[in-house]
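Chain by chain, the residues:
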Amino acid sequence: MKQLYLIGFMGSGKTTVGRSIKEQYGIDYIDLDEAIEGRLHKRIVDIFKEEGEEAFRTYETETLKALKTTPIIATGGGIIERSENISYMKENGIIIYLKTSFDTIKLRLTRDQSRPLWKDEKQNKALFDKRNKIYEYSAGYIVHCDNRTTKEIIEEIV
Ligand code: S3P
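By the naming in an unreviewed UniProt entry, the protein is Shikimate kinase, taken from Ornithinibacillus hominis. Taken verbatim from the UniProt record of the protein, the Function (unreviewed entry) comment is "Catalyzes the specific phosphorylation of the 3-hydroxyl group of shikimic acid using ATP as a cosubstrate."

Participant: Summarise the packing of helix 2 (residues 32-40) against helix 4 (residues 53-66); cite the residues concerned and give the values.
Facilitator: Viewed as axis vectors pointing N to C, helix 2 and helix 4 meet at an angle of 100°, and their least axial separation amounts to 10 Å. Compared by their axis directions, helix 2 and helix 4 come out roughly perpendicular. Of the residues in helix 4, those touching helix 2 at L32, A35, I36, R39 and L40 are Y59, E60, T63 and L64. Tallied by class, residues from the contact of helix 2 with helix 4 come to six nonpolar, one polar and two charged.

Participant: An account of the nonpolar core is requested, with residue identities and associated values reported.
Facilitator: If you look at the biggest cluster of nonpolar residues, it comprises 26 residues, and the most contacted ones within it are Y5, L6, I7, I95, I96, Y97 and L98. Those elements that place two or more of their residues in this core are strand 1 (3-7), helix 1 (14-25), helix 2, strand 3 (72-74), helix 5 (83-92) and strand 4 (93-99).

Participant: Give a description of the pairing of strand 4 that names residues and reports values.
Facilitator: Summarising the sheet, strand 1 and strand 4 pair through five bridges and their orientation is parallel. Counted as the bridge partner of Y5 is I95 from strand 4. As paired elements, strand 4 and strand 5 (residues 141-144) share four bridges and run parallel to each other. Bridge assignment links K99 to a residue of strand 5, and that residue is H144.

Participant: Report on the confidence of the model for the protein, specifying residues and quantitative values.
Facilitator: Of the residues in the protein, 100% reach a pLDDT of 70 or more, and the chain-wide mean stands at 96. Complex prediction metrics read pTM 0.97 and ipTM 0.98.

Participant: Now, about helix 5: what can you tell me, with residues and values included?
Facilitator: Those residues of helix 5 that fall on the buried side of the exposure criterion are N85, I86 and M89. The arc that holds every buried residue of helix 5, seen down its axis, measures 100°, which confines them to one face. Facing away from the buried side of helix 5 by over 90 degrees, the exposed positions are S83, E84, S87 and E91.

Participant: Residues and numbers for the environment of G93, please.
Facilitator: Structurally, G93 is set in strand 4. Taking the C-alpha atoms as reference, G93 lies 4.5 Å from K2; in sequence the two are 91 residues apart.

Procedures and definitions
Residues numbered from 1 in each chain as written. Predicted model: local features only at pLDDT ≥ 70, side-chain atom pairs only at ≥ 80, totals over all residues. UniProt positions renumbered as here; feature names shortened; annotations may be inferred. Axes fitted to C-alpha atoms, helices over the stretch in contact; angles between N-to-C directions. Helix = DSSP H or I, 4+ residues; strand = E, 2+ residues; numbered from the N terminus. Parallel < 35°, antiparallel > 145°, perpendicular 65-115°, else oblique. Contact = placed C-beta atoms within 7 Å. Nonpolar A, V, L, I, M, F, W, Y, C, P; charged D, E, K, R; others polar. Core = buried A, V, L, I, M, F, W, Y, C linked by C-beta atoms within 7 Å. Buried ≥ 20, exposed ≤ 12 C-beta atoms within 10 Å, placed from the backbone. Pairing = 2+ DSSP bridges. pLDDT = per-residue confidence, 0-100. Arc of directions from axis to C-beta.

Take a look at the structure:
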């Protein structure tokens with residue numbers, strides 16, 4: 001079975017889109033961050049604080065590969081930080097990039113405290129620009145998400 005991987009920057013709507021596809025079409029979905037937290041019984045912020053980003057990336061890769069039967073996976077924004085994850089997703093399914101502008105993301109995450117890598121404006125923008133290129137070349141499909149409803153985005157994906 002081919003899986004569908006939703007990729008995109010923090011706050012691009014991967015979880016919302018995955019959850020809505022499940023609700024509307026009854027297709028099972030899992031949020032990779034939630035799966036990691038469930039496996040480790042630890043919150044993402046605590047994993048970063050106590051074990052660091054590299055340890056988190058290893059859990060992320062292991063969990064991605066362990067979820068073989070779930071049709072839709074909403075990944076974390078940093079899934080493309082390891083090229084082995086990109087190769088794995090390309091081999092096993094279809095990658096959809098939920099492309100959202102930096103300005104939209106900034107509005108959504110202004111007061112967000114749950115994301116360890118959402119820092120000051122300069123660092124956020126640099127990370128966004130670096131990753132946007134990687135999302136673009138990794139994805140089989142790019143769905144533009146600015147000024148569109150979840151319903152419209154889902155219809156395009158389906
Ligand atoms: C991360 C994004 C987060 C989460 C972790 C690291 C990143 O997921 O995996 O905080 O490196 O961009 P979301 O994209 O769901 O916020």
